[in-house]
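# Structural features, examined
As a plain string of letters, each chain reads:
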Amino acid sequence: MKHDLYKLAEQYHLSASEQSLLQAVLEAADQNAQYSVREFAARNYTSPAAIIRLSKKLGYTGYTDMVYRLRFLLQNEINNRTHASHITSFIGEIPSEQISAFLALLKRNRQAPILVTGTGFCAPLRDFFVRKLLVLGYHAIGTNSYEVYENNVLQAKLVLAISKSGTTDTIVKPVQDARRHGIDVVAFTGGQHSPIAESADPAFLLLDDKILDDRNLTANYFYARVLILFEYLMDLSLDSHEENPEPAPSSGNMP
C-alpha cells in the first residue's frame, strides 16, 4: 500500500529520494519485514548512512527506532480500520451493491466534472464534499445554480445531491435537469420516497431523527450521518486505487 507522505514531506523538507526511501520503510513495516539496516539498504540500492540520516531527520534516534515507531503507527491504523463495522451502527446498514455502484461511478468520472448540490443546513456538507473530492484529485464543483444544470455547460457526468427531506425544490430541479441530460445522480437523503431519492441511483437513505422539525430547532444527527457515510465511502474509494491521486488543478463553489 502506498502511503500519502505529502504532509510529512512538507514538514520535514524531504527530498524526492527521501520520500521514496520512507515509502520503502513503510512498505517493509506493512509486511512486518525484519531487515537490518544493511539488509534494508542493499534491498533499496542505498547506503545505511542515508537511511540513518533519514531517521534522524524525522526525529528518530536511528533506523531501529524509526521502524519500531512506524510499525506501531501502522498497526494503530489497521486497528482503526477494523472498527469500520461500528460506523454502520450509527449510519445504518448500507447495501453493498449501493457502495459498489458509487465507487464505480467515481472511477468512471475520474476526469469529468462532478457537481455537488445542497442548500440550507446541507450547504456545509456540500462544501465538505467538494473539498474532499478536490484533494483526492476529482474535478468537483459545488453549485445550486439552475443554469448549470439546465444546460450542463460544464459537461458534468455525475451529480451528488444532499437533501434531508429529498423534496427541497432548489435541489429537486437540478436533479431532474441532470437526469434529463443523462447525468448520473447520487443522493444522500432522509426521504425514502422523495423525488430526489427516486431520481438517484444509488440513493443513500439515512435516518432523519426529526422528520417534522423542518427548521432544525432540535438535535438531528442526519447531517452527521451524511458526513460519516461520505468519509466512509471515500476511504473505500482510496482502497480501490493502487496509487494516490493527484490534486485537481482547479476548484471552487459557484452560486
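Just so it is clear, the structure is predicted and the values come from calculations on it, not from any experiment.

## Quick notes on the overall build of the protein
From N to C terminus, the protein includes 12 helices and 5 strands. For the protein, with 255 residues in total, the buried portion stands at 44%. By sequence separation, contacts in the protein at least 24 residues apart represent 70% of the contacts at least 6 residues apart. Accessible surface, the protein: about 14,100 Å² in total, of which carbon and sulfur atoms supply 53%.

## Structural notes on the environment of Tyr149
Mapped onto the elements of the fold, Tyr149 is located in helix α9 (residues 146-151). In this structure Tyr149 touches Leu115, Val116, Thr117, Thr143, Asn144, Val159, Pro174, Asp177 and His181, once residues within four positions along its chain are discounted.

## A closer look at the packing of helix α7 (residues 96-108) against helix α12 (residues 222-239)
Remark: α7 packs on α12, axes separated minimally by 10 Å, with the N-to-C direction vectors making an angle of 65°. Seen from above, α7 lies across α12 with right-handed handedness. Where α7 abuts α12, its residues Ile99, Phe102, Leu103 and Leu106 lie against Phe230, Tyr232, Leu233, Met234, Leu236 and Ser237. Classifying every residue of the contact of α7 with α12 by side-chain character gives 9 nonpolar, 1 polar and no charged.

## A few points about the packing of aromatic side chains
According to the stated counting rule, one finds 9 aromatic pairs in the structure shown. Between Phe40 and Tyr63 the ring centres are 5.9 Å apart and the planes differ by 35°, which places this aromatic pair in the tilted class. Within this pair, whereas Phe40 is found in helix α3 (residues 37-43), its partner Tyr63 is found in helix α5 (residues 63-81), the two being separated by 23 residues in sequence. With respect to burial, Phe40 and Tyr63 carry one shared label: buried. Between Phe188 and Phe230 the ring centres are 6.2 Å apart and the planes differ by 75°, which places this aromatic pair in the edge-to-face class. With Phe188 in strand β4 (residues 184-189) and Phe230 in helix α12, this residue pair connects regions lying 42 residues apart in the sequence. According to the relative accessible area criterion, Phe230 is buried, its value standing at 0%. Three or more aromatic residues joined by ring pairs form one cluster here, namely Phe102, Phe129, Phe188, Phe204 and Phe230. Looking at Arg110, its charged tip hangs above the ring of Tyr138, at a distance of 4.1 Å from the centre. Above the plane of the ring of Tyr146 lies Lys173, whose end atom (NZ or CZ) is 5.0 Å from the centre.

## A short note on the sheet that holds strand β1 (residues 113-117)
Pairing in this open sheet of 5 strands is parallel, and the strands run β2-β1-β3-β4-β5 from one edge to the other. Looking at strand neighbours, the two that pair on one side only are β2 (139-142) and β5 (203-205), the edges of this open sheet. Going from strand to strand, the sheet's axes swing by 15° on average, the running direction of each strand aside. Both β1 and β2 contribute to a ladder of 4 bridges, which runs parallel. When the sheet's bridge partners are listed, Ile114 is paired in β2 with Ala140. Contacts from helix α10 (residues 169-180) reach β1, β3 (158-163) and β4 within the one sheet, and its direction differs from that of β3 by about 160°. In the packing of α12 onto the sheet, the strands contacted are β3, β4 and β5, and the crossing angle to β4 comes to about 135°.

## Quick word on the nonpolar core
Grouped together as the largest cluster of nonpolar side chains are 32 residues, with contacts concentrated most on Phe102, Leu133, Leu160, Phe188 and Leu229. Of all the elements in the fold, those that place two or more residues in this core are α7, β1, α8 (123-135), β3, β4 and α12. Looking at which element gives the most residues to this core, the answer is α12, with 8 residues. Residues in contact with Phe102, not counting those within four places in the same chain, are Leu160, Val186, Phe188, Pro202, Phe204, Phe230, Leu233 and Met234.

What counts as what
- Residues numbered from 1 in each chain as written.
- Predicted model: local features only at pLDDT ≥ 70, side-chain atom pairs only at ≥ 80, totals over all residues.
- Heavy atoms only, no water.
- Helix = DSSP H or I, 4+ residues; strand = E, 2+ residues; numbered from the N terminus.
- Buried < 20%, exposed > 50% of the residue type's maximum accessible area, 1.4 Å probe, protein only.
- Contact = heavy atoms within 4.5 Å.
- Areas by Shrake-Rupley, 256 points an atom, 1.4 Å probe, with all protein chains shown as cover.
- Axes fitted to C-alpha atoms, helices over the stretch in contact; angles between N-to-C directions.
- Left-handed = near helix turned anticlockwise from the far one by under 90°.
- Nonpolar A, V, L, I, M, F, W, Y, C, P; charged D, E, K, R; others polar.
- Phe/Tyr/Trp six-rings, centres within 6.5 Å; stacked < 30°, edge-to-face > 60°.
- Lys NZ or Arg CZ within 6 Å of the ring centre and 35° of its normal.
- Pairing = 2+ DSSP bridges.
- Core = buried A, V, L, I, M, F, W, Y, C linked by side-chain atoms within 4.5 Å.

Any functional reading would require information that these geometric values do not contain.
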